[in-house]
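# Secondary and tertiary structure notes
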Amino acid sequence: MYTPSLYGGLVSYIATNSVSDLAGKRVALFSYGSGLASSMYSIRMSGDTTPGSALHKVAASLADLKERLDSRIKVAPAKFADIMKLRQETHHLAKYTPVGSIEDLFPGTWYLTFVDEMHRRQYQRVPLTVEAETTPVIPTENMETTPLSGKRPSAIAPEPTPVSAPTM
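Source: prediction; values computed, not measured. (Residues numbered from 1 in each chain as written. Predicted model: local features only at pLDDT ≥ 70, side-chain atom pairs only at ≥ 80, totals over all residues. Heavy atoms only, no water.)

Looking now at the nonpolar core. Counting residues in hydrophobic clusters, the biggest one holds 11 residues: Leu-6, Leu-10, Ile-14, Val-19, Leu-22, Val-27, Leu-29, Met-45, Leu-55, Ala-59 and Leu-62. For this core, the secondary-structure elements that each account for two or more residues are α1 (2-15), α2 (19-22), β1 (26-33) and α3 (54-61). No other element matches α1, which puts 3 residues into this core. When sequence neighbours within four positions are dropped, the list of residues in contact with Leu-55 reads Val-19, Leu-22, Ala-23, Met-45, Ser-46 and Asp-48. (Core = buried A, V, L, I, M, F, W, Y, C linked by side-chain atoms within 4.5 Å. Buried < 20%, exposed > 50% of the residue type's maximum accessible area, 1.4 Å probe, protein only. Helix = DSSP H or I, 4+ residues; strand = E, 2+ residues; numbered from the N terminus. Contact = heavy atoms within 4.5 Å.)

Shown next as structure tokens:
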């Protein structure tokens, strides 16, 4: 969790300061990883605070951060262990369709729908708005039970349309 905590800290800093307070500031970012490796660099916040500026957009995207964090779903440790076991069993599988529902994912989340025999991954995105109430799930009809877990997913959906993940 070394790298995610670095950016989690940056998000926290941006979310708890006003755009005018952030404008033009230099922020040092330091991450220490296991294996005696670390990195440190700095970023300078944009000085442009006009509505629609990049800084304004980033700050606005974090306006509901506390609500999003509070809306996370808590699961019992045993269920979490089962989820992690399934991830471990299916890691690096080729010709694999993930199982389970996506109903608990945040709007706009990209999720894996298929890995082909050449390990190419296909994704879909949870709709950004609640109005698009056709919540897709991983397909289950005409699908054999998963040999690793022996469990079938609980919902049915049409065949996924391949989508490439966005590049950042």
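From this point, the narrative continues.
As a further point, take the confidence of the model for the protein. On average, the protein scores 80 in pLDDT, and the residues at 70 or more come to 76%. Taken as a whole, residues 132-137 scores under 50 in pLDDT and shows 12 contacts with residues more than four places along the chain or in a different chain. Note on residues 139-162: pLDDT under 50 across the span, and 33 contacts to partners over four residues away in sequence or across chains. (pLDDT = per-residue confidence, 0-100.)

Here we come to a nonpolar patch on the surface. The grouping of Ile-73, Val-75, Phe-80, Ile-83 and Met-84 at the surface amounts to a nonpolar patch, some 420 Å² of accessible area in total. Checked against the element boundaries, Met-84 lands in helix α5 (residues 77-90). With a relative accessible area of 32%, Met-84 lands in the partly exposed category. (Patch = residues over 30% accessible without salt bridge, like charges linked within 9 Å, V, L, I, M, F, W, Y side chains within 5 Å. Areas by Shrake-Rupley, 256 points an atom, 1.4 Å probe, with all protein chains shown as cover. Salt bridge = Lys/Arg side-chain N within 4 Å of Asp/Glu carboxyl O.)

On to the pattern of salt bridges. In the structure shown here, the tally under the stated rule is 4 salt bridges. A salt bridge links Asp-64 to Arg-68, with the shortest nitrogen-to-oxygen separation between them at 3.0 Å. For Asp-116, the salt bridge goes to Arg-120, with nearest N and O atoms at 2.6 Å. The partly exposed category is assigned to Arg-120, whose relative accessible area is 49%.

Of note, Lys-95 is situated in the loop between α5 and β3 (110-115). Excluding its chain neighbours within four sequence positions, the residues that come into contact with Lys-95 are Phe-114, Val-115, Asp-116 and Glu-117.

Despite not being glycine, His-92 shows a phi value in the positive range, around 70 degrees. With respect to the secondary-structure elements, His-92 resides in the loop between α5 and β3. The exposed category is assigned to His-92, whose relative accessible area is 63%. A positive phi angle, near 70 degrees, is found at His-119, a position not held by glycine. With respect to the element layout, His-119 can be found in the loop between β3 and β4 (121-125).

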